[in-house]
Amino acid sequence: MKKIIFLFFFITFLFSCSSTNYVFKNKAQATGVDFRTGKWLLNEIDAPYSLEKKLNDQVFEDFQLLLNERVTKVSNAKGLLLVRNILMQPNKNTLKDIKTGTNFDYFINIKAKNNKNDLNSMSVTNHRYRDNNETNNNEVELEIYDLNTLEIIFSQKVVASTGISEGSNSDVHFSKTSNTILLKAYKKLNKKLLKTSIK
């Protein structure tokens, strides 16, 4: 039994894992939106290349479960000639063009990005030579616009970060990859949107 306890502490000393902290940035956004009516247009998601397809598929699947045939991807919208990616916080002229070109009622815009990507899923470095400021910092932002009023009706951002604990003596460190963190940040954002919305 003593050998097992010793082995447990020895492994714990050698390896460390980092937890991820998720923070909602827009505290003023206490309510969601009314999903019961209207046609919804989903923009192509601006995301790191390695995650772009997976996140686009996941987001469309989530909104399709909620809205059925009332949600359409920008790439499938008829009568719309726009650049592939409409930037976050589009101006009223852009929103008006979307409305005129598609006759949709709502526009969903999402962006996912890596602010800092220092850590791999496994890092092996002697703790005496490691930079304890290494972190992964990522964010997912979601905006929803009412195309009839040309006003934003929902805006929220989740910032997720993970890093090596200060004073860690472990030479082997495990952490979530940036793509995993971004997917989870999106899921948390979507969960909060659904929780505060009328469905």
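Here goes a summary of the coordinates provided. (Residues numbered from 1 in each chain as written. Predicted model: local features only at pLDDT ≥ 70, side-chain atom pairs only at ≥ 80, totals over all residues. Heavy atoms only, no water.)

**Things to note about the overall build of the chain**
Along its length, the chain carries four helices and nine strands. Starting at the N terminus, the α and β elements of the chain follow one another as α-β-β-β-α-β-α-β-β-β-β-β-α. Evaluated residue by residue, the chain yields a buried proportion of 41% over its 199 residues. Long-range contacts, defined as pairs at least 24 residues apart, comprise 77% of the intrachain contacts of the chain with a sequence gap of at least 6. Per element, the accessible surface of the chain, about 11600 Å² overall, is 54% carbon and sulfur. (Helix = DSSP H or I, 4+ residues; strand = E, 2+ residues; numbered from the N terminus. Buried < 20%, exposed > 50% of the residue type's maximum accessible area, 1.4 Å probe, protein only. Contact = heavy atoms within 4.5 Å. Areas by Shrake-Rupley, 256 points an atom, 1.4 Å probe, with all protein chains shown as cover.)

**Examining the packing of aromatic side chains**
Between two aromatic rings, the relevant description is the distance of the centres plus the angle of the planes. This structure, assessed with the given rule, holds three aromatic pairs. With a centroid separation of 4.1 Å and an interplanar angle of 20 degrees, the aromatic rings of W40 and Y106 are classed as stacked. Note that W40 is positioned in strand β3 (residues 40–42) and Y106 in strand β5 (residues 106–117), a separation of 66 residues in sequence. A single burial state applies to W40 and to Y106, both of which are buried. By the ring-pair criterion, three or more aromatic residues cluster together here, those being F35, W40, F63 and Y106. Across the ring face of F104, the terminal group of K39 is positioned such that the distance to the ring centre comes to 4.9 Å. Directly above the aromatic system of F24 lies the positively charged group of K192, at a separation of 4.8 Å from the ring centroid. (Phe/Tyr/Trp six-rings, centres within 6.5 Å; stacked < 30°, edge-to-face > 60°. Lys NZ or Arg CZ within 6 Å of the ring centre and 35° of its normal.)

**Remarks on a positive patch on the surface**
Side chains of K25, K27, K54, K176, K184, K187, K188, K191, K192 and K195 sit close together on the surface and give a patch of like positive charge. It is helix α4 (residues 178–196) that contributes the most residues to the positive patch, six residues altogether. With respect to the element layout, K176 can be found in the loop between β9 (172–174) and α4. (Patch = residues over 30% accessible without salt bridge, like charges linked within 9 Å, V, L, I, M, F, W, Y side chains within 5 Å. Salt bridge = Lys/Arg side-chain N within 4 Å of Asp/Glu carboxyl O. Lys, Arg positive; Asp, Glu negative; His and termini not counted. Charge placed at Lys NZ, Arg CZ, Asp CG, Glu CD.)

**Quick notes on the environment of D97**
Looking at the secondary structure, you find D97 in helix α3 (residues 92–102). On the basis of relative accessible area, D97 is assigned to the partly exposed category, the value being 49%.

**Examining the nonpolar core**
Judged by nonpolar contacts, the single largest core of 31 residues is most densely connected at W40, L55, F63 and I144. Residue assignment for this core shows that the elements contributing at least two residues are β3, α2 (49–67), β5, β7 (135–146), β8 (151–163) and α4. With seven residues, the top contributor of residues to this core is α4. When near neighbours in sequence (up to four residues on either side) are disregarded, W40 contacts V33, D34, F35, L67, R70, V71, T72, F104, Y106, I108 and I144. Among the nonpolar cores identified, the runner-up in size contains eleven residues, and A77, I86, L95 and F107 belong to it. (Core = buried A, V, L, I, M, F, W, Y, C linked by side-chain atoms within 4.5 Å.)

**Observations concerning the side chain of T102**
Along the chain, the position of T102 falls in helix α3. Judged by its relative accessible area of 10%, T102 is buried.

**Looking at α4**
For α4, built from 19 residues, the straight-helix expectation of 27 Å at 1.5 Å per residue is met to within 8% by its first-to-last C-alpha distance of 27 Å. Where α4 is concerned, the buried positions are S178, I181, L182, L183, A185, Y186, L189, N190 and L193. (Expected span 1.5 Å × (residues − 1).)

**Here we look at unusual backbone geometry**
Positive phi is not limited to glycine here, since N68 has a value of about 55 degrees. Given the relative accessible area of 47%, N68 is considered partly exposed. At L150, a position not held by glycine, the phi torsion is positive, near 60 degrees. Mapped onto the fold, L150 is located in the loop between β7 and β8.

The values are spatial; any link to function lies outside them.
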